[in-house]
Structure formats: C-alpha cells, structure tokens
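Examining the three-dimensional arrangement
Below, each chain spelled out in residue letters.
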Amino acid sequence: MRAPVICLLFLSLLLLVGGSEALGQIMAVYPKEAYASKYKRYLRDVRGRPAIIGEIKSGLILNGNNISPQKQNELYIPNLSDPKSVPYRFKNGERVSIKPKQVVKIPGAHVGKTIFFMRDFTLSGLANEYEIRQTEIDSIRKKRDKQKRGSKEWFEDHVKFVGTLERLELWLANTLFPRAATRIKKDIARQKKSVRESAAKDGEKAALASIHSVPTPEALLEAAEEITGGKAEFKVQESAHIRITYLSSEISEEKARGLLRLAETVISGFRAKYVYPYIGEGFRDFIPDRIFHEFWFGPSYQPHREKLYEQYYNQKWGKRHDQPRKGRRGQVGRKLTWLDYWNVDEVDHEAVVTHGIGHSLATYHFNEGGRITQPWLAEATGYDLSFGYLGRNSVNCFQRKIARYGSTAQKKTEREAKVSLRGYLNGLALEKGPRIDALARKKLYEMEDPDLAKAWSLLDFIIRTKGKAGQLWLRAACKAGGDINKWTTKSEEIFSTTDEGILATIDEEWKNFARDEQELGNRTK
C-alpha cells in the first residue's frame, strides 16, 4: 500500500510568519550554572556545554531566530532508548501529554541560553523517520536473505545491509537516542562477525586505524604567534583521507578523533552506496586514497581568522556573497585539496564535517576531482550525508529566504507534527522546486530552500531507482556543465532512448516517486 504525501499542508507551513509560540521545534536549553545541578539527569553535551534537549511544550516564544523564555517553560524530552516513544498524543489537533516522565519544567529564571538543536523535526516526526529507516533496513535484509548465503549477490546485499545499519546507528547517536544507538552498534558487530568483511569494510577499518596526531606545522605556529600573540594554539590530527586543524583550547583531542572517525565512516558509507555496486567497465572510483579534505576550526575573532587564512594557506580572503557567515569552503593547492575553514565556536562541528565531505565527495565522484559544475549536486550530496548520518543539516552554503519545516504555529495538526523531514522536502520540491534544466543552470548563491529540496529529492530518486545508469547520468551532468543540449544527448545514450525530452521525462518520474514512494524509504534498487 502506498502512502501518498499530501503536499498542500507543506505549503501552509511555509506561509507561517511572525512571532508565536515555538511549537514543533527541538531546542537545546542551557541552564544557568547556578541551577544546572537541578537538571543533572537531563543534561547532554551540546557544542561543548551541558544542555537539556527537547521539543517545546509551552513557554518559550520564537520571534524569527530569537527564542525568549517565559516565566514558566516546559519541554517534551526524548526517551534515550526508544525513538518510537512519543510523550504526547493528539486530541482535536492538540498535543496532549501521555508520559509525564518525559516532560521537564524550567522556570525562566533558570534559563541561560536557548538554541535550535533540530529545527527540522518534532519528536513525532523523529519517530516517523525511525520507522522509515527500519522499513528500509528490513527491505534490504529480506532481499539479502533471498540470495544464496555466501554468494556474490548475497554478499553485496549484506555489505549494503551493514552500511545501512551503521547509518542508523550514527543517526540515533547524533539525534536524541544514544542508548538505542548502543544496541544497534552491538547488532552491527554481530553482523560483521557473520561473514568475512568486504574490501570496503577492510578499507574502512584501515582508515579508522589510521587516525593519529601530527606535529603542528612550523608555518602555522609562526603565523599564530605573529597574528594572535600566541593566544591561539593549534593541534593537528589526520586519518587516511582527512586532516583536522583545531584550537586546542576549544576542541579536545578525543573530540577531534571522534570527528575523524565520523568522517571516515561517512566516506566508507558513501563508497558502499554510490561506488562499489557499480565499479567495472566504464565506471571507476575517483575518490583518492590520500588526504583530500582539511577541516579548520580556528578563532572566531574576524581579523585573526582572515590573517591566518591569508598567511598560512596563502589564500585571499576577499568578500564573496556566497560564503557562509561562520565559515567558508573551497579547493586549494595543486592537488585541489578541499578546505573547510570555520569558527571553532557556535557551529555544529559534526554537521560541518559531514556536509563538507559531501561537497568533496561529489566533486571527486561525479566530476573526477574537477571543480563542480553542478552546485545543486554538491549541496544535495552534502544534505544526503548529513540527513543520513546526523538526522540534521545545520550547514548551508546559500541564503535562506523562506520559512523552514517545523516553523512556528499556534496549532499544528497531527499530520503536520508527524511528518518527517523527507516528506517536507518532497512537498516543498513539488510545490516550488524548479525543473531539472533550470536547477542545472543555478549558481550556488542563487539557490534557495526550494532548490535544495528539489536537489536532495532528485538525487535520492536517482540513487534509489536508476542504478548505474543514474550514476552515469549525474556524472554526465557535471561533464556537460551548463550545456543542457549536451546533457540531453548524453542522457539519451545512457538511458537508450530517442526521447529528446528525456529531462522532462525524468522530472515526471521523479514527481511520481516524490508523491507516492519516497516517504516510505523502502526503495533500495
């Protein structure tokens, strides 16, 4: 039975503006230090400080991006062991508490600071997303189990099954359910023991084992001394593919190692999903087996950031309208190594790493390492990885101009609160997304939310339904650049058709998929 996505409700979400109660938002509330001990059992580390994470029940008021606590505030908090445990039900369109232990009361006098933690979900939406991911895992398991155990086909499906479990484990750990993630981790270990590991998994093990500290380069030590008067002290760690340079006063060695472990897991998962199933004649793996991406987390003080960038990396800072406020990304050096250059504080480090790797992997995989000619594809890949491994994407490389999923409302219907992020993106893409040919012509700084929604949804459709031909089609898009006629001709060849309107045909197929099937999360071709 198909589960149609009702798109009109998403459009109504987009039109909500103005200050109101911040219903349907998952926040991180930092208690004032004097009161932190009262909430000890609820505290989790959020960007280096203890905070209470939950969905607003009452009290907190949202006005734009500002969140104001009231005299009394309440949060629905997650069950760390069970993503399906939603602490409320719906009655006449209103949320009604059903699990008192999952409600925390916080007087306004106790609140120090409040930020968005997962602006793209409600607890009900997370429960729905968890069920979608479980459906996908069950689908892969059933497909695997139909094959002869130990055969090439069984083994390929088993690798995909383990990779999907690993994505779920990281998603649980990086959203709100670390205890559930621990159980999945044990299942992954059992699955890996059941059969010899593939080359992909051997590569991942070697990459994870490669994580190590390296001496801070003399040039960086000298630049930091000269520019910051010795106030900024940097450390460096590396893995097989990634380097991280960071302020030692703000990021611990263990945190840096964790970011490298995340990065290598994402790279391995990308290869398992995008590369290994299709390697053969006419399809190569272009991802280099060397360090190809560096992440820098340095001083937030703007003059120091600019001077270090120019002196140490020998790059011009300049003023570009398509650069994020707290960081920038680009390719530097002869080997076109990617550099993500960010403030160390007030950024989501895991999201920066995951989204940034999406950009570099898109460049290598789809365009053989050349500068990406399809910005939508790089953004879609970054979002696909962030969504898959973290369940959130707090990094975007363009300006948002319309309201987001989970935007405020005095009331939310049960359907609105339960809908998953993928459902929202599909609805937004169907309502406002551009045609494929128009999306292919957009520059990065021209992209807005509907473009991102269409980009991610289209990529998901191609990856999950078009197999090797879809991968070749995406590579052809990069080779063609903005030449739509060239891309059309190559598309006809790839899909063995004489349909000169092939892009429009693919667009129509995508629409049907987005309306009826994508929400199920069980298409695993």
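About the thresholds
- Within each chain, residues carry numbers counting from 1 in the order of the written sequence.
- Only residues with pLDDT of 70 or above have their local features reported here, since the model is predicted, and side-chain atom pairs are shown and tallied only from 80 upward, although totals for entire chains, interfaces and linings are computed over all residues.
- Just so you know, side-chain values use all the structure's heavy atoms and leave hydrogens and water out.
- Each Phe, Tyr or Trp ring, with Trp reduced to its six-membered ring, pairs with another whose centre is within 6.5 Å; inter-plane angles below 30 degrees give stacked pairs, above 60 give edge-to-face pairs, and intermediate values give tilted ones.
- Each residue gets one of three labels from its accessible area relative to the maximum for its type: buried under 20%, exposed over 50%, partly exposed in between, using a 1.4 Å probe on protein chains only.
- Helix and strand definitions here come from DSSP, where helices need a minimum of 4 consecutive H or I residues and strands a minimum of 2 consecutive E residues; each element is numbered from the N-terminal end.
- We call a charge positioned above a ring when the Lys NZ or Arg CZ atom is no farther than 6 Å from the ring centre and deviates by at most 35 degrees from the ring normal.
- A helix is expected to span 1.5 Å multiplied by its residue count minus one.
- In plain words, nonpolar cores are sets of buried Ala, Val, Leu, Ile, Met, Phe, Trp, Tyr and Cys residues tied together by side-chain atoms within 4.5 Å.
- One speaks of a salt bridge when a side-chain nitrogen belonging to Lys or Arg is within 4 Å of a carboxyl oxygen belonging to Asp or Glu.
- Strand pairing requires that DSSP identify at least two bridges connecting the strands.
- Each residue gets a pLDDT score, which is the predictor's confidence in that residue and runs from 0 to 100.
- Whether two residues are in contact is decided by their heavy atoms: any pair within 4.5 Å suffices.
- Polar contacts, as used here, are pairs of N or O atoms within 3.5 Å; protein pairs need one atom able to donate a hydrogen and one able to accept it. Residues neighboring in sequence count only if both atoms are side-chain atoms.
- What the arc measures is the spread of directions leading from the helix axis to the C-beta atoms.
- Only C-alpha atoms enter the line fits that serve as axes; for helices the fit covers just the stretch in contact. Angles between N-to-C directions range over 0 to 180 degrees.
- Note that the term roughly parallel is reserved for angles under 35 degrees, roughly antiparallel for angles over 145, roughly perpendicular for angles of 65 to 115, and oblique for everything else.
- For a crossing to be left-handed, the near helix must be turned anticlockwise from the far one by less than a right angle; the clockwise case is right-handed.
- Charged residues are taken to be Asp, Glu, Lys and Arg, nonpolar residues to be Ala, Val, Leu, Ile, Met, Phe, Trp, Tyr, Cys and Pro, and polar residues to be all remaining types, Gly included.

1. Structural notes on the packing of aromatic side chains
Summed over all chains, the structure comprises 22 aromatic pairs. Summarising the aromatic geometry, the rings of Y278 and F283 are spaced 5.9 Å apart at their centres and angled 70° between planes, so their arrangement reads as edge-to-face. A single burial state applies to Y278 and to F283, both of which are buried. Measuring from ring centre to ring centre gives 5.3 Å for F461 and F513, while their planes differ by 50°; the resulting arrangement is tilted. Placement of the pair is F461 in helix α14 (residues 449–465) and F513 in helix α17 (residues 502–516), with a sequence separation of 52 residues. Three or more aromatic residues link up through ring pairs in this structure, and these residues are F234, W296, Y309, Y312, Y313, W317 and Y341. Note that R49 overlies the ring of Y30, its terminal NZ or CZ placed 4.4 Å from the centroid. When the ring centre of Y88 is taken as reference, the NZ or CZ atom of R95 above it lies at 5.6 Å.

2. Overview of helix α15 (residues 467–480)
Helix length check: α15, at 14 residues, gives a terminal C-alpha distance of 20 Å against a target of 20 Å (1.5 Å per residue), a fit within 8%. By the burial criterion, the buried members of α15 are G467, G470, Q471, W473, L474, R475, A476, A477, C478 and A480. A positive backbone phi angle near 65° is found at G481, which sits one or two residues after α15.

3. A closer look at the nonpolar core
By size, the foremost hydrophobic cluster in this structure holds 123 residues, and its most contacted members are F297 and W487. The biggest single contributor to this core is helix α7 (residues 253–275), with 10 residues. Core analysis: the second largest hydrophobic core is formed by 14 residues, I56, I67, L75 and I77 among them.

4. Overview of the pattern of salt bridges
Here the structure, examined in full by the defined rule, presents 25 salt bridges. The residue E254 makes a salt bridge to R261 at a minimum N-O spacing of 2.7 Å. Looking at E254, the relative accessible area reads 41%, which means it is partly exposed. Overall, R261 belongs to the partly exposed group, its relative accessible area being 37%. Note that D384 and K273 form a salt bridge whose closest N and O atoms lie 3.3 Å from each other.

5. Details of the pairing of strand β17 (residues 337–343)
Buried residues dominate β17, accounting for 7 of its 7 residues. In this structure, strand β15 (residues 293–298) lies alongside β17, joined through 6 bridges in parallel fashion. The partner of F297 across the bridge, within β17, is W342.

6. Describing the confidence of the model for the protein chain
Looking at the protein chain as a whole, its pLDDT mean stands at 83, while 83% of the residues score no less than 70. Note that pLDDT drops below 50 for residues 1–23; the model gives that stretch 70 contacts with residues more than four away or on any other chain. Counting contacts from residues 520–525, a segment whose pLDDT is below 50, to residues more than four positions away or on other chains yields 25 contacts.

7. A few points about the environment of Y76
Here Y76 is to be found in strand β7 (residues 72–76). Separated by 24 residues in the primary sequence, Y76 and P100 place their C-alpha atoms 9.0 Å from one another. Not counting the four nearest positions on each side in its chain, Y76 is found in contact with G54, E55, I56, K57, P87, Y88, R95, V96, S97, Q102, V103 and L123. Here the side chain of Y76 touches S97 through a polar contact of 3.1 Å, side chain to side chain.

8. So, helix α8 (residues 302–312)
Among all positions of α8, only H304, R305, L308 and Y309 are buried. Projection of α8 onto a plane perpendicular to its axis shows the buried side chains occupying an angular sector of 130°, all on one side. Once α8 finishes, N314 follows within two positions and takes phi at roughly 55°, a positive value.

9. Observations regarding unusual backbone geometry
It is generally the case that most residues other than glycine have a negative phi and that most peptide bonds are trans. You will see that E368, though not glycine, has its phi angle at about 55°, which is positive. Mapped onto the elements, E368 comes out in the loop between α9 (349–367) and α10 (375–389). A positive phi angle is found at S496, which is not glycine, with a value near 50°. By the secondary structure assignment, S496 is in the loop between α16 (484–494) and α17.

10. A few points about the packing of helix α12 (residues 421–432) against α14
Helix-helix packing is characterised by the crossing angle of the two axes and by the distance between the axes. Closest axis-to-axis distance for the α12/α14 pair is 8 Å, and the angle between their directions is 110°. Put simply, α12 runs roughly perpendicular to α14. At the point where α12 passes α14, the crossing takes the left-handed sense. Of α14, the residues touching α12 (which contributes R422, L425, N426, L428, A429 and K432) are D449, P450, A453, K454, W456, S457 and R464. The residue inventory of the contact of α12 with α14, partitioned by class, reads 6 nonpolar, 2 polar and 5 charged.

11. Considerations on the side chain of S386
The topology assignment puts S386 in helix α10. Aside from chain neighbours lying at most four places away, what touches S386 is A351, T354, H355, G391, R392 and N393.

12. With respect to the packing of α14 against α15
Between α14 and α15, the shortest axis-to-axis distance is 6 Å and the interhelical angle comes to 140°. Relative to α15, the element α14 lies oblique. In contact with L459, I462, I463 and T465 of α14, α15 contributes G467, G470, Q471, W473 and L474.

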